[in-house]
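Examination of the molecular architecture
Listed below, chain by chain, are the residues.
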Amino acid sequence: MSKTFDLVVIGSGSAGHTAATTCRARGWSVAIVDERPFGGTCQLRGCDPKKVLVNAARVVDDAQRLVEKGVLDRVPVLQWRELMRFKRTFTDPVPERWSKVYEKAGIVAMHGRATFSGERTLFVDGESLEAKHVVIASGAMTQHVAPGDEMLMDSEGFLDLEELPRSLIFVGGGYIAFEFAHVVARAGAKVTILHRGARPLESFDDDAVARLAELTRGLGVDLQLGTTVTGVRKEAGEIVISAESVGAKHDFRASAGILAAGRVANVDGLCLERGNVARTKRGVEVNAYLQSVSNPAVYAAGDAADAGGLPLTPVAGNEGEIVAANLLDGNRRTADFRGLTSMVYTIPSLGATGLSEASARERGIAYEVHVGDMRDWYSTRTVAGREAFYKIVIEKSSGKVLGATIVGPHAEEQINVFALAIRAGVDGAMLREAFFAYPTGSSDLEYML
Ligand code: FAD
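First, a word on what this report is: a plain description of the structure on this page.

The rules behind these values
- Residues numbered from 1 in each chain as written.
- Predicted model: local features only at pLDDT ≥ 70, side-chain atom pairs only at ≥ 80, totals over all residues.
- Heavy atoms only, no water.
- Near = heavy atom within 4 Å.
- Polar contact = N/O pair within 3.5 Å; in protein donor to acceptor, adjacent residues only side chain to side chain.
- Areas by Shrake-Rupley, 256 points an atom, 1.4 Å probe, with all protein chains shown as cover.
- Helix = DSSP H or I, 4+ residues; strand = E, 2+ residues; numbered from the N terminus.
- Nonpolar A, V, L, I, M, F, W, Y, C, P; charged D, E, K, R; others polar.
- Pairing = 2+ DSSP bridges.
- Axes fitted to C-alpha atoms, helices over the stretch in contact; angles between N-to-C directions.
- Expected span 1.5 Å × (residues − 1).
- Buried < 20%, exposed > 50% of the residue type's maximum accessible area, 1.4 Å probe, protein only.
- Contact = heavy atoms within 4.5 Å.
- Disulfide = S-S within 2.5 Å.
- Salt bridge = Lys/Arg side-chain N within 4 Å of Asp/Glu carboxyl O.
- Phe/Tyr/Trp six-rings, centres within 6.5 Å; stacked < 30°, edge-to-face > 60°.
- Core = buried A, V, L, I, M, F, W, Y, C linked by side-chain atoms within 4.5 Å.

1. A short note on the site of the ligand
Taken together, 38 residues surround the ligand, and among them Asp 34, Thr 41, Lys 50, Ala 114 and Asp 303 come closest. In this structure, a nitrogen atom belonging to the ligand sits 2.9 Å away from a main-chain N or O atom of Ala 114. Computed on the free molecule, the ligand has an accessible area of 1,000 Å², of which 96% lies beneath the protein chains in the complex. For the shell around the ligand, the secondary structure elements donating two or more residues are α1 (14-25), β2 (30-34), α2 (40-45), α3 (47-68), α7 (175-186) and α9 (313-329). Top contributing element to the shell around the ligand by residue count: α2, with 4 residues. Taken together, the residues of the shell around the ligand sort by class into 16 nonpolar, 14 polar and 8 charged.

Structure below.
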């Protein structure tokens, strides 16, 4: 006998959790299914544990820079095992916390792999579920790029490393590789990044990335660009990564290798064809309401949906809300990505929101750009910052802020202020006049504008 629900949600990450709890709060019968512990990628294997490591490495870097100024007399040493123990105090309690939330809310929480058996039916480890509606929020998984690369660990393996390897090679030069590389470089490991493209962090502004790349090389990170990985093997306890660049072949060796060459929607194992759920290369194919284009009973949100947003936690949460609203009240809500923000948690961070200069140019928008070096600014010098750069894109006709990219010690909070300005349609002049507390990262906005 199958159990029947108004809604079955596949995946308990930011997208699935939001959709499930919102629909349950309006009285729907809801089941949430996850084949792994409840909590999803961000809380257990992504953003949150990562930022614990980044924050610790930042303290080391802060001290290093102050030692160079003679303000401190020594640089603290990262205690990797203790850092991992500290990290687990954030991740370990999550699954039980969510189980309790589901129990209290009256959501049926199930462990097991969900697969479609029909348009409105699913199997979860042999058990049959009938659903008036299904939300696919199954997230993303590491992309494989070369024969033998299953011998490399992925980001999850890295975040669970009990011992810090002496040397590490990252395959891929995206944000995950850069963030982890900045952490382990501060912990004393030798780091190599192999990136296929001519420049890393491809979605970010060229000038900002060039500065961050130079700073990264200055840490001793061997950043190899235009380098395509062709194979991975193990030799004498080492990882050997073969790669080609400008026709030449090279072998790179290290104690450990990390596959960080992108993530793809995790929908292959869902038997979508049995549910008549169409997909693209980027995930479940949805309309503007995040509803499957082929099966109206199915919606998708977060990394698993091909919905045009970025694979980021705030997007997943927002799409979970949109799906819930459309399920509960009919298809009305669509995504609005104005002021979407993307941050690379290197030390210092690189952040971007809104349109980059390149996208403004491509769209034929008449814009002006405010660009500058902030290394000599008070806010950078007081923290002995090494790099600080901004580029702000303003629409010529309206004076509205269209986009901002910042590298520097205060980038994380400055970018959030710009994100709000873009979302609210605030123009540059109004931002310049705001009474931001002085001296803070935000009070620099006046000079940037
Ligand atoms: P997920 O949180 O991935 O949840 C999907 C869930 O579905 C998983 O728990 C999985 O077990 C389950 N599942 C999959 N298939 C099935 C099935 N067939 N049956 C049952 N269960 C299934 N984003 C940011 O915004 N900021 C960051 O700093 C950041 N850092 C990151 C660092 C790393 C290392 C990684 C990997 C990602 C990071 N992200 C970051 C991205 C962010 O984690 C994701 O965009 C977000 O978690 C996606 O949420 P989701 O709900 O779509 O999927």
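2. Side note on the sheet that holds strand β10 (residues 222-224)
With respect to topology, 4 strands assemble into an open sheet ordered β10-β9-β8-β14, the strand pairing being parallel. On the outer flanks of this sheet lie β10 and β14 (256-259), each paired with one strand and no other. This sheet shows a mean twist of 15° between the axes of neighbouring strands, independent of strand direction. The pairing of strand β8 (residues 167-171) with strand β9 (residues 190-194) spans 5 bridges and is classified as parallel. Across the sheet, the residue bridging to Phe 170 is Ile 193, located in β9.

3. Examining helix α8 (residues 206-218)
A rise of 1.5 Å per residue sets the reference length of α8, with its 13 residues, at 18 Å; its end C-alpha atoms lie 18 Å apart and thus fit the reference within 8%. Three or more residues of α8 are buried, namely Ala 208, Val 209, Arg 211, Leu 212, Ala 213, Leu 215 and Thr 216. Lining the buried residues of α8 we find α7, β10, β21 (349-354), β22 (367-373), β23 (389-395) and β24 (401-408). Two or three places before Asp 207, at the start of α8, stands the capping residue Asp 205, its side-chain oxygen 3.0 Å from that residue's backbone nitrogen. Backbone geometry just downstream of α8 places Gly 220 in the positive-phi region, at approximately 100°.

4. A short note on the state of the cysteines
One pass over the structure, following the stated rule, counts 1 disulfide. Each sulfur in the disulfide pair Cys 42 and Cys 47 lies 2.4 Å from the other. Residues Cys 42 and Cys 47 are joined through a disulfide that is left-handed, its torsion about the S-S bond being -135°. A relative accessible area of 11% means that Cys 42 is categorised as buried.

5. Comments concerning the environment of Gly 172
Looking at the secondary structure, you find Gly 172 in the loop between β8 and α7. In this structure the C-alpha to C-alpha distance between Gly 172 and Ile 193, which are 21 residues apart in sequence, comes to 6.7 Å. In this structure Gly 172 touches Ala 177, Ile 193, Leu 194, His 195, Ala 260 and Ala 261, once residues within four positions along its chain are discounted.

6. Some points on the pattern of salt bridges
All told, the structure shown has 36 salt bridges when counted by the stated rule. Where Lys 132 meets Asp 6, a salt bridge forms, and the shortest distance between an N and an O atom there is 3.0 Å. Remark: Asp 6 occurs in strand β1 (residues 3-10) and Lys 132 occurs in strand β6 (residues 127-136); sequence separation between them is 126 residues. By relative accessible area, Lys 132 is classed as partly exposed at 47%. We classify Asp 6 as buried; its relative accessible area is 18%. Note that Arg 233 is salt-bridged to Glu 235, the shortest N-O span being 2.8 Å.

7. Thoughts on the packing of aromatic side chains
Counted according to the given criterion, the structure contains 8 aromatic pairs. Centre to centre, the rings of Trp 80 and Phe 158 are 6.2 Å apart; their planes meet at 75°, and the pair counts as edge-to-face. Linking Trp 80 in helix α4 (residues 80-91) with Phe 158 in helix α6 (residues 155-159), this pair joins segments that are 78 residues apart in sequence. Residue Trp 80 is classed as buried on the basis of its relative accessible area, which comes to 7%. Taken together, a centroid distance of 5.6 Å and an interplanar angle of 45° make the contact between Trp 377 and Tyr 390 tilted. Separated by 13 residues along the polypeptide, Trp 377 in the loop between β22 and α11 (378-381) and Tyr 390 in strand β23 bring together distant segments of the chain. With a relative accessible area of 19%, Trp 377 lands in the buried category.

8. Some words on the nonpolar core
Counting residues in each nonpolar core, the largest one holds 51 residues, and the members touching the most others are Phe 116, Val 135 and Ile 136. Counting residues per element, this core draws most heavily on α9, at 6 residues. Non-local contacts of Val 135, meaning those with residues more than four positions away in its chain, are made with Leu 7, Val 8, Val 9, Ile 10, Ala 19, Tyr 299, Val 323 and Leu 327. Core analysis: the second largest hydrophobic core is formed by 44 residues, Leu 159, Val 184, Ala 208 and Leu 223 among them.

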